[in-house]
Amino acid sequence: MSAAASPETLGPALLDRLPATVQKPAYDRATLAPGMAHLGVGAFHRCHQAEYTDDLLASHFDRWGVIGINIRPPCLTETLGRQGGLYTRLIRENSHIEARVIGSIIEVVDSQANAAPALEVLSSPDIDLVTMTVTEKGYCHIPSSGELDLGHPDIVHDLANPRTPRSVPGILARALELRRVTHGRPLTLLSCDNIPTNGIILANVVQAFAERRGNGLADWISANAAFPSAMVDRIAPAATQADLDSVEQRFGYRDAAVVVGEPFRQWVIEQKFAGRVPRWDLVGASFVDDVTPFEHLKMRVLNGAQTTLATLGVLAGLEHTFDAIADPLLLAFVRRMLVEETLPTLMPVPGMEPLAYVARSLGRLGNTAIRHRNHQIATDGSQKIVQRLLNPIRDRLRHDQSIALLAVPVAGWMAYLIQASERFGKRWPVSDPYAGKVAAVADATGRDAQALAASILAIDTIFAPGLAANDVFRRAVTSALDGLLSDDPMATVRRNLKQ
Ligand code: CS2
């Protein structure tokens with residue numbers, strides 16, 4: 001008996017033979033030409049910007065093919081590259097599933113070993129726009145101030161070796177320098193990371209780097225580059241082997257680059273471009289003059305809830321967001337925190353009713369088909385808590401309003417990192433640029449919540465000194481931390497909910 005043939009792998013040759021239940025690009029990919037690049041081709045990009053571009057190509061065909069670049073792992077050549085840039089995007093909501101092959105990425109470039117391949121693309125005159133999802137820490141900025149971290153090892157390296165950069169600011173500054181000397185064409189650099197005023201942060205770090213390079217580069221960039229801010233939204237966790245297998249089982253082909261997202265998506269982009277950009281506003285994105293109200297709403301409500309459920313969820317022994325939100329105590333806590341403390345800090349958002357937004361966000365987090373691990377969301381928490389929790393806390397303290405509930409997830413973030421330290425039994429592995437610092441504090445301090453909180457609040461690159469010195473805030477965080485480090489961490493959540 002011969003062994004069953006192994007299923008075919010997704011690629012251009014398979015497009016015409018896909019099962020009818022899988023949608024495919026409704027345009028001729030062969031006629032696409034590179035028009036933009038994307039830095040950081042992870043699940044989020046494939047589920048968000050690349051899908052909007054695919055929609056645009058299908059409904060208003062234009063030349064905007066995407067060149068996807070990774071300067072950090074994972075490598076793309078062996079997965080997306082082998083598939084000619086094609087991948088399956090699954091939208092899942094509880095038992096509902098919708099599959100579509102996305103065709104907007106036409107080429108991939110691995111630039112992990114050195115920046116040359118990335119620089120070649122980014123400095124090309126064919127590229128008018130670069131979008132990026134490089135995670136919060138990719139900007140090498142100081143979270144509490146938004147300025148370039150000149151002590152960051154990659155920045156120190158890049159300032160000494162500007163032609164062979166490693167960091168995102170160093171690579172972008174070098175690409176702009178090459179554009180200036182070779183063809184002089186303008187470039188729009190569109191950050192799609194979850195940082196408020198991400199365009200300003202990106203401009204700050206690139207310009208601070210360029211100023212140190214001298215030779216008028218910073219002035220050229222001011223005149224020829226645009227850094228719009230954007231709010232991006234869609235929950236799209238890292239895909240798992242089970243997701244890859246599910247495509248093979250349901251649709252009969254292999255795909256090493258599957259992504260899974262929820263139905264909801266949103267993209268609000270500041271209308272500030274240098275030259276041409278794709279008309280994503282024709283396919284559901286919004287071009288606006290000011291994204292601030294949108295990004296505050298999204299980061300403080302949806303992302304604030306995710307970070308709260310993630311860290312408290314891990315402390316409660318829960319695996320995914322949907323497990324945490326199914327816990328009546330955590331759900332009641334997060335809802336009350338958002339409604340009573342977070343919502344009053346928000347500016348009005350056109351067309352958005354705040355209570356409805358909270359209800360919708362909590363509904364999204366309950367989607368059991370989106371297996372978003374609490375540990376994934378807790379990753380790099382030091383880079384996330386400023387915009388998700390500390391900014392609303394600061395706004396409330398300014399008006400003498402209570403922050404008792406918002407202080408709990410701040411302490412949750414501390415407890416999450418502390419308990420990963422040797423002294424606290426290394427309860428789980430963590431990934432955060434500040435993990436080592438917090439572990440050192442925990443090792444030196446031991447179980448005393450007051451001393452622990454004081455040392456962590458003294459990290460001024462996360463906690464602005466004015467905030468760290470605020471008595472109400474210190475007391476609330478210390479008391480919550482004390483409880484969260486006890487044998488019954490949820491008692492603290494219960495107590496704060498009752499108050
Ligand atoms: C999540 C986000 O991992 C995380 O930090 O909170 O990726 C979140 O799912 C997206 O911002 C949703 O748009």
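Rules and cut-offs
Residues numbered from 1 in each chain as written. Predicted model: local features only at pLDDT ≥ 70, side-chain atom pairs only at ≥ 80, totals over all residues. Near = placed C-beta within 6 Å. Helix = DSSP H or I, 4+ residues; strand = E, 2+ residues; numbered from the N terminus. Nonpolar A, V, L, I, M, F, W, Y, C, P; charged D, E, K, R; others polar. UniProt positions renumbered as here; feature names shortened; annotations may be inferred. Pairing = 2+ DSSP bridges. Buried ≥ 20, exposed ≤ 12 C-beta atoms within 10 Å, placed from the backbone. Expected span 1.5 Å × (residues − 1).

### Examining the site of the ligand
Part 1 of the argument: Close contacts around the ligand come from Asn 194, Asp 233, Arg 234, Ile 235, Asn 303, Gln 306, Gln 376, Ile 377 and Lys 384, and that covers them all.
Part 2 of the argument: Only α10 (292–315) and α14 (374–378) provide two or more residues apiece to the shell around the ligand.
Part 3 of the argument: Counted by class, the shell around the ligand contains two nonpolar, four polar and three charged residues.

### A short note on the UniProt feature "domain: Mannitol dehydrogenase C-terminal" (unreviewed entry) in the chain
Part 1 of the argument: Taking the UniProt record as the reference, the feature "domain: Mannitol dehydrogenase C-terminal" (unreviewed entry) is found at residues 290–483.
Part 2 of the argument: Segment residues 290–483 splits into 66% helix and 0% strand. End C-alpha atoms: 41 Å apart.

### Section: the sheet that holds strand β11 (residues 259–261)
Two strands in a sheet stick together by hydrogen bonds in their backbones, pointing the same way (parallel) or opposite ways (antiparallel).
Part 1 of the argument: One open sheet accounts for four strands, arranged β1-β5-β4-β11; its pairing is mixed. Across the chains shown, the open sheet's two edge strands, defined by having one partner strand only, are β1 (22–23) and β11.
Part 2 of the argument: Bridging between strand β4 (residues 87–93) and strand β5 (residues 96–102) involves seven bridges; their strand directions are antiparallel. The partner of Leu 90 across the bridge, within β5, is Ala 99.

### Quick word on the pairing of strand β3 (residues 64–70)
Part 1 of the argument: The buried fraction of β3 is high, at seven of seven residues.
Part 2 of the argument: Burial along β3 is two-sided: the residues Trp 64, Val 66, Gly 68 and Asn 70 and Gly 65, Ile 67 and Ile 69 are all buried.
Part 3 of the argument: Examined bridge by bridge, strand β2 (residues 33–39) and β3 share six bridges and lie parallel to one another. Paired with His 38 across the strands is Gly 68, a residue of β3.
Part 4 of the argument: With five bridges joining them, β3 and strand β6 (residues 105–110) adopt parallel strand pairing. Looking across to β6, one finds that Val 66 is bridged to Ile 105.

### Some points on helix α16 (residues 407–418)
Helical geometry note: an α-helix holds 3.6 residues per turn, so side chains three or four residues apart project in the same direction.
Part 1 of the argument: Look at α16: 16 Å from first C-alpha to last across twelve residues, which is about the 16 Å you get at 1.5 Å a residue.
Part 2 of the argument: Counting buried positions along α16 gives twelve out of twelve residues, so the element sits mostly inside the fold.
Part 3 of the argument: Those residues of α16 that fall on the buried side of the exposure criterion are Ala 407, Val 408, Pro 409, Val 410, Ala 411, Gly 412, Trp 413, Met 414, Ala 415, Tyr 416, Leu 417 and Ile 418.

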